[in-house]
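Single-letter residue listing:
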Amino acid sequence: YFFSDALDLYRHRSHEKRYYRGYKVLRLYPSNSEQLRLLHDLAESENSELDFWLPPSSVSRPVDVMIPPERFHQIKHLLTANHIQQEILVEDVDKAIENEKTPAPYSELRSTSSVFFTKYQRINDIHNYLENLAAENSPIASILSIGKSYEERDLKAIKISKETSNDKPIIWIDAGIHAREWISIATAVYIAKELIQNYNSDPDIKSLVDTFEWYILPSVNPDGYEYSHDYNRMWRKTRSVGTSVWGCIGVDANRNFGFKWNQGGASSNPCSDLYAGPKAFSEPETKAISEFILARKNQVKLYIATHSYSQLWLTPWGWTSKLPDDYDDQYNLANIAVKALNSVHGTKYQIGSSTNLLYIAAGGADDWAYGVAGIKYAYTPELRDTGRYGFVLPASQIIPSGEETFAAVKAMALALKNEL
Ligand code: ARG
Ligand code: ZN
């Protein structure tokens, strides 16, 4: 582990790209508490070099783990000896990464305005796209920067609203807080495009843009996103440089929010992918969001922080298995979203609290939005897929994901509008 970490540090310094040749992703099905404990131990042991794409949670939940080729036989043996059911999800991660780049075929596009969504775009191209979208639709769209990332990239958001007054109800959508969850970023941009381009043709969309102020921040973690393109496709954290003696970089920004910070499902080890940071809101990215939201907290009616993957529409809490008082309302609105989403391409989502459906993880944006900012409807949708490709979802799924997720968001907003 120390050796591999030193290697990684060397790679960063020399800007050498990390490859995943021969890496496999296994899906495991722990069927009793002993098997679950074994997987927990594996996940926690720091010399394992395993990347738990889906960490162990409870007995009935699958666990996805990426294994380097040199560890494969040993791990496989350990699992088999402990009778843990397993299947291969991704045969070769490097090949999957190559496949991911294949653009969606132009021949299947319904309009030329979709070309942007045939591949995963770089941050500058996303920013330019948003700038153009806003410039061409200036009465209803504008660009703002809510702050800067650690490496001083703009945290660029698009505001979509028919300017009538300054205190309209707000809908907040963000994505990409985890660098490698590329589909969340593309989907957020798609949602912005749909709201703007259909304003004049779809009366429902017109009413939603007239009623709400929409803020969409497609890349909460632009440093990590760029790093995941240039150096390591599996990067998750921010890129802040702390004081770790091992030279480990970055914080899990979704463990960095100031509510029940570091109270479970997070790590104090700067080398962990779940590192909560030296303190709550240590990261400029999470700090910027919190300040932006707090300044408008009474206006914000809906807070959506998109991630991938698993096809879940998660509700609070993530820090405890207890359900909040508003759970029934939160569930019912999620149900409206998931039904609308399903009606587009038949994609199935499950609804439930983060802790109950996934695992305990304190310091998340949704818990903070609900617990501190008092926003009743705070969600973390985990977008496509359920593990066939995991984080490396082929680019041909960007448009379908955009279409169905937009339907979900639209249905939620319409339901909320009727509650105002
Ligand atoms: N996969 C997400 C994460 O690990 C889930 C977050 C759910 N929300 C929460 N507060 N735990 O960050
Ligand atoms: Zn995530």
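Residues numbered from 1 in each chain as written. Chains lettered and ligands numbered in written order. Predicted model: local features only at pLDDT ≥ 70, side-chain atom pairs only at ≥ 80, totals over all residues.

Going by what an unreviewed UniProt entry lists, the chain is known as Carboxypeptidase B-like and is assigned to Limulus polyphemus. In the Cofactor (unreviewed entry) part of its UniProt record, the chain is described as follows: "Zn(2+)". (UniProt positions renumbered as here; feature names shortened; annotations may be inferred.)

Quick look at unusual backbone geometry
A cis amide bond links S308 with the next residue in sequence, Y309, at an omega value of 0 degrees. Its place among the elements puts Y309 in the loop between β9 (300-308) and β10 (312-315). The linkage connecting R384 with the following residue, D385, adopts the cis geometry, with an omega of -5 degrees. Following the sequence through the fold, D385 ends up in the loop between β12 (377-383) and α13 (398-419). With a phi close to 55 degrees, H83 is a non-glycine residue in the positive phi region. Within the secondary structure, H83 sits in the loop between α3 (69-81) and β4 (85-90). Of note, N262 is a non-glycine position whose phi angle comes to about 55 degrees, a positive value. Locating N262 in the fold gives a position in the loop between α8 (222-230) and α9 (284-294). On the basis of neighbour count, N262 is assigned to the partly exposed category, with 18 C-beta atoms found within 10 Å. (Helix = DSSP H or I, 4+ residues; strand = E, 2+ residues; numbered from the N terminus. Buried ≥ 20, exposed ≤ 12 C-beta atoms within 10 Å, placed from the backbone.)

A few points about the site of ligand 1
Neighbouring ligand 1 are N254, H307, L314, G318, S354, L358, A361, G364, D366, D367 and T380. The residue inventory of the shell around ligand 1, partitioned by class, reads 3 nonpolar, 6 polar and 2 charged. (Near = placed C-beta within 6 Å. Nonpolar A, V, L, I, M, F, W, Y, C, P; charged D, E, K, R; others polar.)

Considering the packing of helix α10 (residues 327-345) against α13
Between α10 and α13, the least distance of the axes is 8 Å, while the angle of their chain directions is 145 degrees. Between α10 and α13 lies a crossing whose hand is right-handed. Residues L333, I336, A337, V338, A340, L341, S343, V344 and H345 of α10 lie in contact with α13, whose contacting residues are P400, E403, E404, T405, A407, A408, K410, A411, M412 and A415. Residue classes in the contact of α10 with α13 are distributed as 13 nonpolar, 3 polar and 3 charged. (Axes fitted to C-alpha atoms, helices over the stretch in contact; angles between N-to-C directions. Left-handed = near helix turned anticlockwise from the far one by under 90°. Contact = placed C-beta atoms within 7 Å.)

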